Amino acid sequence: MAAHPASRLFTVKIAVIGGSGLYNLEGLEFVAEVNPDTPWGKASDAITIAKTASGLHIAFLARHGRGHYLTPSEVPARANIAALKSLGVEAIIAYSAVGSLREELKPRDFVLPSQIIDRTKGIRPSTFFEDGLVAHAMFADPFSAVLEQVIWEQRGVIEGGDFHRAKTLICMEGPQFSTRAESHMYRSFGADLINMSVLPEAKLAREAEIAYQMICMSTDYDCWKEHEVAVTVEAVVANLKANSNNAQRLLAAILPGLERVVESGEVHEGLKGSMRFACMTAPEKRSVEAVNKLEFLLPGYYTV
Ligand SMILES: CSC[C@H]1O[C@H](OP(=O)(O)O)[C@H](O)[C@@H]1O
Ligand SMILES: Nc1ncnc2[nH]cnc12
């Protein structure tokens, strides 16, 4: 079983996962870099630990690695979540560049999704529970309402774009963008936004009992608009550059609120202990290897 080497050095309760165009945290004091081994391998990149002016430690992980060398399908999401958990992380703020499927969600707007539709293709490992240990996490509300409210209260800091909440995000496999027919179909499903990253990240955070909220930064209108050019990486990158200043400003604004809900324990509501009771496997039928692996994530939950 892999140990928790980093957690002995630091306890970091808040983590930020940076997506496309967001590979570092700015304006915070660098403390250390850690790269823990987990039973699911190594994270996308080394995790930076930084300190705020008030002394709060924050972990930062670049989802695709710094330099963007992992496709959405290759992101080692289980190792990412397990590595953050091993540092003591209880709340994750995950940034993502997304396409907009609605006229009113303009490029450069920020959006807090409340729901997810899964259009990944089953090629991404999406659970910690397998090989002789079965558990079913609740996922009806995939994001943390507590984190969402903390972020929403700071919506005024965004410049040059609007802020929206309670939207549905569809997650596609990629790496190619959608066809026009698919884009129309996703709109007909009721989806408002599209990316390639929220799954399995959000599911794994739930299994790890970590509160999770994604902040979507709209970069394009995908390809559903007739007579308009379809999304290109060039267009996405141009808007990402504009979004990244807002992303850093928003993070600075939400840190005190994040600290408050983490320190008060509010962020754990409905999460802490939930996976203990989600397990279906009879104690005598649990695979020892699977139980040992899960000790890294949820110590003491499944040992007999
Ligand atoms: C660069 S366009 C497609 C790419 O951007 C998003 O990445 P992330 O969510 O990590 O910001 C999207 O999910 C795709 O992976
Ligand atoms: N149109 C789009 N489709 C999927 N992921 C995206 N990320 C940014 N724009 C996107």
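Residues numbered from 1 in each chain as written. Chains lettered and ligands numbered in written order. Predicted model: local features only at pLDDT ≥ 70, side-chain atom pairs only at ≥ 80, totals over all residues. Heavy atoms only, no water.

(A) Main features of the confidence of the model for the chain. Predicted confidence across the chain gives a mean pLDDT of 95, with 97% of residues reaching 70 or more. Scoring the predicted complex yields pTM 0.96 and, for the interface, ipTM 0.99. (pLDDT = per-residue confidence, 0-100.)

(B) Summary view of the site of ligand 1. As a structural note, the neighbourhood of ligand 1 is formed by Gly19, Ser20, Arg63, His64, Pro72, Ser96, Ala97, Phe177, Asn195, Met196, Ser197 and Val236. Between ligand 1 and the protein, one listed contact pairs an oxygen atom with a backbone N or O atom of alanine 97 at 2.8 Å. Across the complex, the protein chains shield 90% of the 390 Å² of accessible surface that ligand 1 would expose by itself. Structurally, ligand 1 is housed in the largest pocket. Of the residues contributing to the shell around ligand 1, the split by class is five nonpolar, six polar and one charged. (Near = heavy atom within 4 Å. Polar contact = N/O pair within 3.5 Å; in protein donor to acceptor, adjacent residues only side chain to side chain. Areas by Shrake-Rupley, 256 points an atom, 1.4 Å probe, with all protein chains shown as cover. 1 Å grid on protein atoms, 1.4 Å probe; cavity = no way out; pocket = protein on both sides within 12 Å on 5 of 7 lines; lining within 4 Å. Sits in = over half its atoms within 2 Å of the grid points. Nonpolar A, V, L, I, M, F, W, Y, C, P; charged D, E, K, R; others polar.)

(C) Inspection of the side chain of glutamate 148 at higher detail. Here glutamate 148 shows up in helix α3 (residues 145-152). Residue class for glutamate 148 comes out buried when judged on its relative accessible area of 12%. Side chain to side chain, glutamate 148 and arginine 165 meet in a polar contact 2.8 Å long. With residues up to four places along the chain from it excluded, the contact list for glutamate 148 reads Leu112, Arg165, Ala166 and Gln213. (Helix = DSSP H or I, 4+ residues; strand = E, 2+ residues; numbered from the N terminus. Buried < 20%, exposed > 50% of the residue type's maximum accessible area, 1.4 Å probe, protein only. Contact = heavy atoms within 4.5 Å.)

(D) Spotlight on the pattern of salt bridges. For the structure on display, the rule yields 15 salt bridges. With a closest N to O distance of 3.6 Å, lysine 13 and glutamate 263 form a salt bridge. Highlighted residues: lysine 13 in the loop between α1 (5-9) and β1 (14-18) and glutamate 263 in helix α6 (residues 233-263), separated in sequence by 250 residues. The partly exposed category is assigned to lysine 13, whose relative accessible area is 26%. A residue is classified by how much of its surface remains accessible, and glutamate 263, at 48% relative accessible area, is partly exposed. Between lysine 203 and aspartate 118 there is a salt bridge, with the nearest N and O atoms lying 3.4 Å from each other. One end of the pair, lysine 203, is in helix α5 (residues 198-207); the other, aspartate 118, is in strand β6 (residues 110-119), with 85 residues separating them in the sequence. (Salt bridge = Lys/Arg side-chain N within 4 Å of Asp/Glu carboxyl O.)

(E) Structural detail: the UniProt feature "binding site: substrate" (unreviewed entry) in the chain. With numbering matched to this structure, UniProt assigns "binding site: substrate" (unreviewed entry) to Met196, Asp220, Tyr221 and Asp222. Of the annotated positions named here, the largest pocket is lined by Met196, Asp220 and Asp222. Tracing the backbone through its elements, the reader meets tyrosine 221 in the loop between β9 (211-220) and α6. Owing to a relative accessible area of 15%, tyrosine 221 belongs among the buried residues under this scheme. (UniProt positions renumbered as here; feature names shortened; annotations may be inferred.)

(F) Broad picture of helix α2 (residues 77-86). Burial of α2 is extensive: ten of the ten residues sit out of reach of the surface. All of the buried residues in α2 are Ala77, Arg78, Ala79, Asn80, Ile81, Ala82, Ala83, Leu84, Lys85 and Ser86. A positive backbone phi angle near 105° is found at glycine 88, which sits one or two residues after α2.

(G) Just the site of ligand 2, in detail. Residues in close proximity to ligand 2 include Ala97, Val98, Gly99, Met172, Phe177, Ile194, Asn195, Met196, Thr219, Asp220, Asp222 and Val231, which together make up its full environment. Within the backbone of glycine 99, a nitrogen or oxygen atom sits 3.2 Å from a nitrogen atom of ligand 2. A distance of 2.7 Å separates a nitrogen atom of ligand 2 from a polar side-chain atom of aspartate 220. If ligand 2 stood free it would expose 260 Å²; the protein chains cover 94% of that surface. The element best represented in the shell around ligand 2 is strand β5 (residues 91-100), accounting for three residues. Partitioned by chemical class, the residues of the shell around ligand 2 number seven nonpolar, three polar and two charged.

(H) Geometry of the pairing of β6. Where β6 and strand β7 (residues 163-172) come together, nine bridges link them in parallel fashion. Each bridged residue has a counterpart across the sheet, and for isoleucine 116 the counterpart in β7 is leucine 169. Sheet topology places β6 next to β9; two bridges connect them, and they run antiparallel. Note on β9: the bridge partner recorded for phenylalanine 110 is methionine 217. (Pairing = 2+ DSSP bridges.)

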